[in-house]
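Residue-level structural notes
Now for the letters of each chain:
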Amino acid sequence: MTITGRVWKFGDNIDTDAIIPARYLNSADPANLAAHCMEDADPTFPSKVRPGDIIVAGRNFGCGSSREHAPLALKAAGVACVIAPSFARIFYRNAINIGLPILEAPEAAAAISEGETITVDLATGQITSPNAPEPFRAKPFPPFMQELMDAGGLIAYTRKKVNRHA
Amino acid sequence: MGLTLSQKILAAHAGKDYVEPGELINCKVDLALANDITAPVAIQEFNKIGVDRVFDPDRVVLVPDHFVPNKDIKSAEQAKMLRDFSRRYGLTNRFDVGTMGIEHCLLPEQGLVGPGDVVIGADSHTCTYGALGAFSTGVGSTDLAAAMATGEVWFKVPAASKFTYYGKRRPWVSGKDLILYTIGKIGVDGALYQSMEFGGEAISSLSMDSRFTMANMAIEAGAKNGIFPVDEITLQYIKGRLKRDYRIFTADPDAEYVAEYEFNLDEIEPQVAFPHLPSNTKGISEAAGLTIDQVVIGSCTNGRLEDLRVAAQILQGRQVHPEIRLIVFPGTQQIYLDALREGIIETLISAGAAVSTPTCGPCLGGHMGILAKGERALSTTNRNFVGRMGHPESEVYLCSPAIAAASAVLGRIGSPAELGLKEVD
Ligand code: SF4
């Protein structure tokens, strides 16, 4: 699957309180989450993000809380993919589990600028930017995560596993 | 090659003799936890799996603590989902208003976690139980849903870093100062994906409450878990509480660590983390003098009896500064009651503190003490991210209960030494 989208850039250590502030977590409704997505990092983000856009951020994206609402908010806001040099571990797990594509790609994260339109090939991890002569390469997913995603996420995978034992 | 403490526990729960960093394993869990923010999403996902029971009703615990006592209609509905689920699946351990507390204070207190356990919680501060020598870590709601159904979870075995503390503690230095100092040194991703193993002579004299505080903040260094060796102090704590068998694991002498840090306590003064990262730490001598509007003492980091005791010792016979709002929220009903019996609560209220029922409320800017634009709080909680306690243009500074209480009296950031106080052991 390939994604082509416009880039929004963010810095290092974007935490889950910035992605979706705790004050809105009295509801997990996607419309509520989308309306406040990234609000504390950039108050104008919810109004300017369009479906298919891509976030390119700095180190340790998604640090802080375990709230799955963070990747859910990004997905609900239409973010198609997040690229960063590194992700906080619970965020990484959550994103995979709910099917939000995320790519660890330090060179791409450093080189790509806001407003560019880039293309990401999820199967190969190849990231193409109009301003870079060569495509960038992201780290491929470990095999077990590939397996989870092929099954359609953790819940589908577990459903299969449970029924096999039944 | 030997195994670290976390690797030993993980290997045992995966039915293996040996595991190595980066290996993917399927692990049995001893306890699965969620709260009123994360459980509703987990329940939705659980319902999609198509099982009619949880893997073990004794080992799934849902604690409504974040927006409880229900702050509004939406949070009431979220909390009701937990209550309905707990009833429907016959969960044995049920806690609610009147018996509940902040999950990470509550579970150890109620004897639900023990040494050698593997615990997962849909809450990032699940790493708190590492203080008891358990491998415990935060996961997401979907992970938790799968574990509620199967009693198992996938892990990537973490590499470990070792943190050794030696020397004598300086006055008013607590576990909170040690962990803030450590995060200040290594950064908020200094232990990313790793296990933090704490040890050293200075740790063996540290109280259980201080160890909980330190393990609690391992996530603030990006760690998967933080863990302490089990000793007499641990065993004393679990005695009469823990209802299950437990196993004591120790790290192999030849265990491999990706990094080893040593900290001399002679060099560590009380710490304050400046906005907007827990790693933005300064010694109290550099931080003193900054004016504040609100002081918060409590949370899963510092809402235990030792914390309230220190605060009361400082506030005894003194008054909270007229320009400061001091909010104290004990971690559990039991801590509240113990503090009441010791006279701590009376001391706090006489000094002008507002004491709240146990809840996460102010810690995450949920309710019961939100900051306005431009306001500044000094807090014993664990996070000072932008907007964490209210308005995105408010500020949070993190510190120990001793610094918080002294600052509440001074009306600005300062230390108990400035009030002429000496620490009593
Ligand atoms: S007290 Fe704060 S950090 Fe602890 S569980 Fe509650 S919200 Fe999270």
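Above this text is the structure in question.
Described in the following lines is the structure provided in the data block. Keep in mind that this is a model prediction, so the values were computed, not measured. (Residues numbered from 1 in each chain as written. Chains lettered and ligands numbered in written order. Predicted model: local features only at pLDDT ≥ 70, side-chain atom pairs only at ≥ 80, totals over all residues. Heavy atoms only, no water.)

Description of the overall build of chain A
We count it as follows: To qualify as a helix, a DSSP run of H or I must reach at least 4 residues; to qualify as a strand, a run of E must reach at least 2; elements of each kind are numbered from the N terminus. The buried label applies to any residue whose accessible area, calculated with a 1.4 Å probe on protein chains only, is under 20% of its type's maximum; exposed applies above 50%, and partly exposed to all values in between. Contact criterion: two residues are considered in contact whenever any of their non-hydrogen atoms come within 4.5 Å of each other. Working convention for charge: Lys and Arg count positive, Asp and Glu count negative, and His plus the chain ends are omitted. To locate a charge, the coordinates of NZ of Lys, CZ of Arg, CG of Asp or CD of Glu are taken.
A count of helices and strands for chain A gives eight helices and seven strands. Expressed as lengths along the three principal axes of its C-alpha atoms, the size of chain A is roughly 55 × 40 × 25 Å. For chain A, buried positions account for 63% of its 166 residues. The contacts of chain A with a sequence gap of at least 6 include a subset with a gap of at least 24, amounting to 65%. Treating the 16 positive side-chain charges of chain A as one cloud and the 17 negative ones as another, the clouds have centres 7 Å apart.

What about the site of the ligand?
Residues and elements named next belong to chain B. We count it as follows: Being near a molecule or strand, for a residue, means having at least one of its heavy atoms within 4 Å of it. As a working rule, the residues Ala, Val, Leu, Ile, Met, Phe, Trp, Tyr, Cys and Pro are called nonpolar, Asp, Glu, Lys and Arg charged, and the rest polar, with Gly in that last group. An automatic or database domain assignment supplies the residue ranges for each domain.
In the vicinity of the ligand there are 13 residues, among which His125, Cys300, Cys360, Cys363 and Asn382 approach most closely. Of all the secondary structure elements, the ones that give two or more residues to the shell around the ligand are α4 (103-109) and α11 (299-302). Here the shell around the ligand is built from residues that sort into five nonpolar, five polar and three charged. When residues are assigned to domains, the shell around the ligand turns out to be shared by domain 1 (5-262) and domain 2 (271-414), each giving three or more.

Some details on the pairing of strand β1 (residues 24-28) of chain B
Residue and element names in this part refer to chain B. Heads up, the condition is: Think of it this way: DSSP has to see at least two bridges between two strands before they count as a pair.
Of the two faces of β1, the one lined by Ile25 and Cys27 is fully buried and the one lined by Leu24, Asn26 and Lys28 carries no buried residue. Sheet topology note: the β1/strand β6 (residues 152-156) ladder contains five bridges and is antiparallel. Each residue of the ladder has a partner; that of Ile25, found in β6, is Phe155.

Structural notes on the layout of surface pockets
Heads up, the condition is: Here a cavity denotes a set of grid points, spaced 1 Å apart and computed over the protein atoms alone, in which a 1.4 Å probe fits but from which it cannot get out, and a pocket denotes an open set meeting protein on both sides within 12 Å along at least five of seven lines; residues with an atom within 4 Å of a point are reported as lining. Grid points are joined across faces, edges and corners, and a volume is the space filled by probe spheres set on the points.
Put simply, the largest pocket is a space of about 750 Å³. Lining the largest pocket we find 34 residues, and of these Ser207, Asp209, Leu305, Glu306 and Asp307 of chain B sit closest to its centre. At the level of secondary structure, the elements contributing two or more residues to the lining of the largest pocket comprise α4, α6 (175-186), α8 (208-216), α12 (305-315), α13 (333-341) and α15 (401-410) of chain B. Of the residues in the lining of the largest pocket, the class split is twelve nonpolar, ten polar and twelve charged. Both domain 1 (5-262) and domain 2 (271-414) of chain B contribute no fewer than three residues apiece to the lining of the largest pocket. Looking at the second largest pocket, it is lined by 25 residues, and the ones nearest its centre are Tyr92, Glu104 and Met145 of chain A together with Lys156 and Tyr193 of chain B.

A look at the packing of α12 of chain B against α15 of chain B
All names here are of chain B. The cut-off we apply is this: Inter-axis angles, ranging from 0 to 180 degrees, are taken between N-to-C directions of lines fitted to C-alpha atoms, where helices are fitted over the stretch in contact. When describing relative orientation, an angle under 35 degrees is termed roughly parallel and one over 145 degrees roughly antiparallel, while 65 to 115 degrees is termed roughly perpendicular and anything else oblique. Crossing chirality is assigned from the near helix's rotation relative to the far helix, an anticlockwise turn below a right angle marking it left-handed and a clockwise turn marking it right-handed.
Across the interface, α12 lies against α15 with an axial gap of 8 Å and an inter-helix angle of 30°. Classified by the angle between their axes, α12 and α15 sit roughly parallel to one another. The interaxial crossing formed by α12 with α15 has right-handed handedness. In this structure, α12 uses Asp307, Val310, Ala311, Ile314 and Leu315 to contact α15, whose residues at the interface are Pro401, Ala402, Ala405, Ala406 and Val409. The residue inventory of the contact of α12 with α15, partitioned by class, reads nine nonpolar, no polar and one charged.

Details of the pattern of salt bridges
Residue and element names in this part refer to chain B. Our working rule: Take a side-chain nitrogen of Lys or Arg and a carboxyl oxygen of Asp or Glu: if they are within 4 Å of each other, that pair is a salt bridge.
Applying the stated criterion to the full structure yields 28 salt bridges over all chains. Linking Lys16 and Glu23 is a salt bridge whose minimum nitrogen-to-oxygen distance equals 3.0 Å. Residue class for Lys16 comes out partly exposed when judged on its relative accessible area of 36%. Among the salt bridges present, the one from Arg59 reaches Asp56, with a minimum N-O distance of 3.1 Å.

So, the nonpolar core
Which entries qualify depends on this criterion: We call a set of buried Ala, Val, Leu, Ile, Met, Phe, Trp, Tyr and Cys residues a nonpolar core when their side-chain atoms join them within 4.5 Å.
Grouped together as the largest cluster of nonpolar side chains are 146 residues, with contacts concentrated most on Phe61 and Leu74 of chain A. For this core, the element with the most residues is α15 of chain B, which contributes seven residues. A domain-level breakdown of this core finds at least three residues from each of domain 1 (5-262) and domain 2 (271-414) of chain B. Core analysis: the second largest hydrophobic core is formed by 39 residues, Ile25, Val29, Ala32 and Ala145 of chain B among them.

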